[in-house]
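Next come the chains, spelled out residue by residue.
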Amino acid sequence: MKAKERQAKNQPTSERNGTRYPSLWDRLIANCWVIEDEGEEDSCWLWLGALTPNGYPKISIRNPKTKKSETKHAHRIILQELGIKIPEGFVVDHLCENPSCINPSHLEPVTQSENLLRIYRRRNERIKNEINWGF
Ligand SMILES: [Zn+2]
């Protein structure tokens, strides 16, 4: 029994995860497309995998405890991969307003009320700009 467990631990990570990528981080990076805009230092990393109906990146990950696949938000997973804790009940705000982006520097865990406040402010700002440009 113990030898079998040890054997399982010695298997390459890719086999343990059931994917062809050496790590979850590699899998995340392989599934996004970095827009290289001229003059833009820190551009969006667009998720090329599946999206939720709201346009958020989703990824299927095997839970090591239950051994079942679970669908997670890729933008939350990439923060967790970097060791950034998302407190219970917090949502991840896309500072770039691009829901399919997983660039960690464009993401910030915030409370749901802070997130709604930001959405409201951005929408107000957009409406104001549209009115200004409309005339
Ligand atoms: Zn972005």
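A. Region of interest: the overall build of the protein chain. Within the protein chain, the secondary structure is distributed over 5 helices and 6 strands. Taken from N to C terminus, the helices and strands of the protein chain fall in the order α-α-α-β-β-β-β-α-β-β-α. Looking at the protein chain residue by residue over its 135 residues, the buried ones come to 13%. Of the contacts made within the protein chain by residues no fewer than 6 positions apart, 36% connect residues no fewer than 24 positions apart.

B. Structural detail: the confidence of the model for the protein chain. In this model, the protein chain carries an average pLDDT of 84, and 79% of its residues clear a pLDDT of 70 or more. Taken as a whole, residues 1-17 scores under 50 in pLDDT and shows 9 contacts with residues more than four places along the chain or in a different chain.

C. Representation of unusual backbone geometry in the model. With phi around 60°, K67 is a residue other than glycine that occupies positive phi space. Relative to the helices and strands, K67 is located in the loop between strand 3 (58-62) and strand 4 (69-73). A positive phi angle, near 60°, is found at E97, a position not held by glycine. Structurally, E97 can be placed in the loop between strand 5 (91-94) and strand 6 (107-110).

D. Highlighting the environment of I61. Note that I61 resides in strand 3. For I61, a count of 18 C-beta atoms within 10 Å corresponds to the partly exposed category. Linking I61 and K72, residues 11 residues apart in sequence, is a C-alpha distance of 7.0 Å. Once you skip the residues sitting within four places of it in the chain, I61 turns out to touch S69, E70, K72 and I77.

E. Highlighting helix 4 (residues 74-81). Turning to helix 4, its buried residues are A74, H75, R76 and I78. In the core, the buried residues of helix 4 are packed alongside helix 3 (24-30), strand 2 (45-47), strand 3, strand 4, strand 5 and strand 6.

F. Region of interest: the nonpolar core. With 10 residues, the main nonpolar core is built from L28, C32, C44, W45, W47, I59, A74, I78, C101 and I102. If you list the elements that add at least two residues to this core, you get strand 2 and helix 4. Those residues in contact with I102, other than ones at most four positions away along the chain, are L28, C32, W45, W47, P57, A74, H75 and I78.

Rules and cut-offs
- Residues numbered from 1 in each chain as written.
- Predicted model: local features only at pLDDT ≥ 70, side-chain atom pairs only at ≥ 80, totals over all residues.
- Helix = DSSP H or I, 4+ residues; strand = E, 2+ residues; numbered from the N terminus.
- Buried ≥ 20, exposed ≤ 12 C-beta atoms within 10 Å, placed from the backbone.
- Contact = placed C-beta atoms within 7 Å.
- pLDDT = per-residue confidence, 0-100.
- Core = buried A, V, L, I, M, F, W, Y, C linked by C-beta atoms within 7 Å.

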